[in-house]
Structures are given as C-alpha cells and as structure tokens.
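If you want the building blocks of each chain, they are given just below.
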Amino acid sequence: MKDSSSLPIPGGIADAASAASAPLATPSARARAQLLFRLENVPFCRWHTKARVIMGSATFFDAFDALSLAFVLPVLVGLWHLSPGQVGLLIAAGYIGQVVGALLFGWVGERYGRVPAISTAVGVMSVMSIACAFAGNYEVLFLLRLLQGIGVGGEVPVAATYINELSQAKGRGRFFVLYELIFPLGLLAAAQVGAFVVPRFGWEYLFLVGGIPGVLILFFMMRLPESPRWLVGKGRLQDADRVIRQVEAATPKRSLDTQHDAAQIEQRVAGLADGIGKQNKASWKELFSVVYRPRTLVVWVLWASSYFVANGINNWLPTLYKTVYHLPPQEALRMASLSNVLSVCAVLVCALFVDRIGRRRWAIGSFIVCGLLLGTLAFLGAKSAWSVMLLGSTAYAVMGTTTVLLYLYTPEIYPTRMRAIGTGLATSWLRAASATAPAVVGFVLTGYGIATVFGMFAAMTVIGLIAARQMIETANRSLEEISP
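All values reported here derive from a predicted model rather than from experimental measurement. (Residues numbered from 1 in each chain as written. Predicted model: local features only at pLDDT ≥ 70, side-chain atom pairs only at ≥ 80, totals over all residues. Heavy atoms only, no water.)

A. Representation of the overall build of the protein chain in the model. Looking only at helices and strands, the protein chain has 20 helices and zero strands in total. Scored against the burial criterion, the 484 residues of the protein chain give a buried share of 60%. Within the protein chain, contacts between residues separated by at least 24 positions form 85% of all contacts whose residues are at least 6 apart in sequence. Carbon together with sulfur atoms contributes 66% to the accessible area of the protein chain, which is approximately 18400 Å² in total. (Helix = DSSP H or I, 4+ residues; strand = E, 2+ residues; numbered from the N terminus. Buried < 20%, exposed > 50% of the residue type's maximum accessible area, 1.4 Å probe, protein only. Contact = heavy atoms within 4.5 Å. Areas by Shrake-Rupley, 256 points an atom, 1.4 Å probe, with all protein chains shown as cover.)

B. A look at a nonpolar patch on the surface. Among the surface-exposed residues, Leu178, Leu348, Val349, Leu352, Phe353 and Ile357 lie close enough to one another that they form a single nonpolar patch of about 430 Å² accessible area. No other element matches the five residues that helix H15 (residues 329-357) contributes to the nonpolar patch. Among the secondary structure elements, phenylalanine 353 is positioned in helix H15. Among the residues examined, phenylalanine 353 registers a relative accessible area of 34% and is labelled partly exposed. (Patch = residues over 30% accessible without salt bridge, like charges linked within 9 Å, V, L, I, M, F, W, Y side chains within 5 Å. Salt bridge = Lys/Arg side-chain N within 4 Å of Asp/Glu carboxyl O.)

C. Inspection of the side chain of glutamate 40 at higher detail. Turning to its location among the elements, glutamate 40 is positioned in helix H2 (residues 27-41). What makes glutamate 40 buried here is its relative accessible area of 15%. Only 2.7 Å separates the side chain of glutamate 40 from the side chain of arginine 229, close enough to count as a polar contact. If we skip the residues at most four places from it in the chain, glutamate 40 touches Ser167, Gln168, Ala169, Arg229, Ser255 and Ser478. (Polar contact = N/O pair within 3.5 Å; in protein donor to acceptor, adjacent residues only side chain to side chain.)

D. Region of the structure containing the packing of aromatic side chains. For the structure on display, the rule yields 19 aromatic pairs. When the ring of phenylalanine 308 is compared with that of phenylalanine 457, the centres are 6.0 Å apart and the planes differ by 70°; the resulting orientation is edge-to-face. Here the residue phenylalanine 308 occupies a position in helix H14 (residues 293-323), and phenylalanine 457 occupies one in helix H19 (residues 450-468), the gap between them amounting to 149 residues. Assigned by exposure class, phenylalanine 308 and phenylalanine 457 land together as buried. An angle of 65° between the planes, with centres 6.3 Å apart, marks the rings of phenylalanine 454 and phenylalanine 457 as edge-to-face. With a gap of three residues between them, phenylalanine 454 and phenylalanine 457 both fall in helix H19, about one helical turn apart. With relative accessibility at 2%, the residue phenylalanine 457 sits in the buried group. Of the aromatic side chains, those joined through ring pairs into one cluster are Phe60, Phe61 and Phe64. (Phe/Tyr/Trp six-rings, centres within 6.5 Å; stacked < 30°, edge-to-face > 60°.)

Everything listed here is a matter of coordinates, which is why it stays silent on function.
If you want it as structure tokens, here you go:
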C-alpha cells in the first residue's frame, strides 16, 4: 500500500510546497495539509453545485416535514376537538424528537461519516411522514411526530456540516446561505401546498407529499462522496485524495497558481501542517475547553433565542388566525403562508450581503429589528389579524435570516474533528426551544392574551442580542484558520 504521507499532489503543488517544512509538521501532518490546501484552492464549480443540489433536496423536505403539522392543525383542532394545551404538546412532540436526532446523528456523523448519517436521517423522517398520514387519533400522531422528529433533527445539522466542509474561505457565506435558502423554500412549499391540499383533499395528503419524495432522494444522496475534510481528519488520505481529484477535475481554475504563487502556497501548507501537528485527539469535552467554551455557550444562546421566536411564531400563526381572529381555515392558511414568502426574500438578501457585512453584525441587526417589530405589535395589542400578518410575519422573516445564518456560523467555529457533534449539540437547543415555545404560547395565550405572547417574543430577542454581541467574525477565513 502506498504511504499516505507521500500522496501525489496534482498540478505542481507538491513541488511548490516541498521547499521547507514547518518545525512542528510531521510527514503525516504535511500530507494532510497538502490535501486541505488543494481542496481550498479549487473555486466553487459544478462539482460543488451538484452536491449542494442533492443535499439541498433533502433539506427542502426536512423543512417541509417540520412545518407540515402547522398547516394540518387548523383542521385537526375541529376534527379531534383539541385544546390549546394539546396543540402545543403536539407541536412540541416533533421538536422533542429533533433534540434526540440532533445529538444522535451528530455522533453518527463524527463516527461513521457525514453521508451515512444524513442518509439514515432522511430515511427515518420520510418513512415517518408517510406513516403520519395513517394516524387515526391524537395519541398515534403524537408518537409518529416524535419519531419523525429524530430524522428531521438529524439531517439539517450534519448536512450543514457537510456543505461547510466542501466550501473554501472566499465566498463561503454566499455559497452556504444560498444552499440554506432551500430550507425557507421548504417551509414556503409546506405553507403553499398545505393551503391548497388540506382544504381540498384532506390533512393526510400533506404528510404524503412530504414523505414520498424524501424516499426517492435517498438514491442520489447515498451516491454522494464523503466529506474530504472528514476523511483527512480520520487519516483516510487515499480516500480524501480520490474525492479531491474529482473536485479538481471539474474545473481548471485555481485560487492560487501553482507556478507563480509557490511561496504563498508553501506558507499556506506550512501553516496548515503546523496547526494539524498541534491538534488534540477529538473529544466532545473539547467543546468546553478554554478556546471553545465561550463559542459553545454563545451559539447555544443564539440557537435557543432565535428559534424560540421563529418557530414559536411560525408554528402557531395558522392556528392563531383561526382561533383568535376567527378566520375561515383556508384564509387562515393563506395569511400564515405570507410569513414564509417574506422569509425566502429576506434569506436571499442575507446570502448576497452576509460576506460583506459579516456574521456578527448581521445577527445583531436581525435581533434589533425583529425585537422592535414584535415590541410594536405587543404595544398595539395585536388587535387585528392584519397587524399580526404585517408586523408578526415581517419579524419572523427578519429572524429567519439569523436562524439560517447559524447553520453557516456554527460549523465554522469548530474544527473538523468535532464539527458535526458541536453543530448537532448546538442545534439541540433550537429543538428544545422550539419544543418549549409552542407549549408556552398555549399557556400564555390562555391566561394572558395575544398581546402578551408577542411581548414575550420581543423579550427573547433581547437575550439573543446580548449573545450576538459576543460572536467572533468568521467571514472569508478558512475553517482551519478559524478553529485550531
């Protein structure tokens, strides 16, 4: 077997990088550094686009399945005579499962690879979505949504890790957020399809629409190459070299020319090798080390606060329009879908400007604007469905940019050796907050009224703002530079 420390480096990079070695770099560390440099040196091309499309298809139906219940509930409230408390618990069931899924598949992604973890998660969420269509009562649907949540919670964080690991430093924000735009598009599709399908064909068909395509996507997903960064981290350098050769074959373009930029290439490779030589063995405990503990605590608060607001609003809006403002089911669903239309537009703007503005400043601005909108709505008393649609839906769209941004930011602040578990653990806080928010809304709505509900959401944005001010800036920096 060929020694992995002497893998051939196409395009003259090996020759350019052989002039000197970093003092701490072992041959193995240097071989890994050369592979990582080659991956960073290829600009975004059709190979990246193909991976983004396939992975994005799974994320689309993840979002669809996550929100489908919200557009089924206005019918089930009357059909099964559900109380506000039961509605909140049924919404929470899926998020409780997502907490388990985020932790479980984060571990699977670190241990067995990103692609096997994502494929299994998609299979679970799709099969359970189909099963939900055949639930005959509240208890069965509660159990099935709980199980489906395990797959839904596992797919997105590991998929975000995978896409991040394929990306280079320059333009990573735009590349990733455009990929992540598929999530609000999935929410939008659930809203639009739900508003059309549920009144005409029945609530069961919405679950089938979300489940059957997910099963078909599995065929393409299982053929995706493994993350080269994960392979390098596991010492599987031959496999990593094979994947990187595919990336290099997809385009002749390079960020640095191997003939004219030899000194700069050597500096990059030596720096990477030095960092690799100093790395510790992967352990989840490192999340709480001196370097990573502040980052971990900040992103936990960001995930919990942003999703408490976003999913608290989005999951309750259809039911609020029907029960509080007494709109017909079809009109309630149509008005609720506006929030997802606005969210898609807001995320597109975020994708275009996030690299220029920066992750930290964008998150700070998002919490400020969202808090002002929700505070105004609470102050006015949320007396009409139109005021909720204009102010509440806009606030949700603004906060939606931060919820997407966190899928970019969180994998950036952790090294490859613990990126999936770090992201999975962080997203478990979004699941916990999303499970708590609907139940709390049901309690507050019953006891204190609709204005207090939006006042509670406004107060939560203040907590998020405090955490956002503690973020580190990661724009246009390589993953290895951000996370030693």
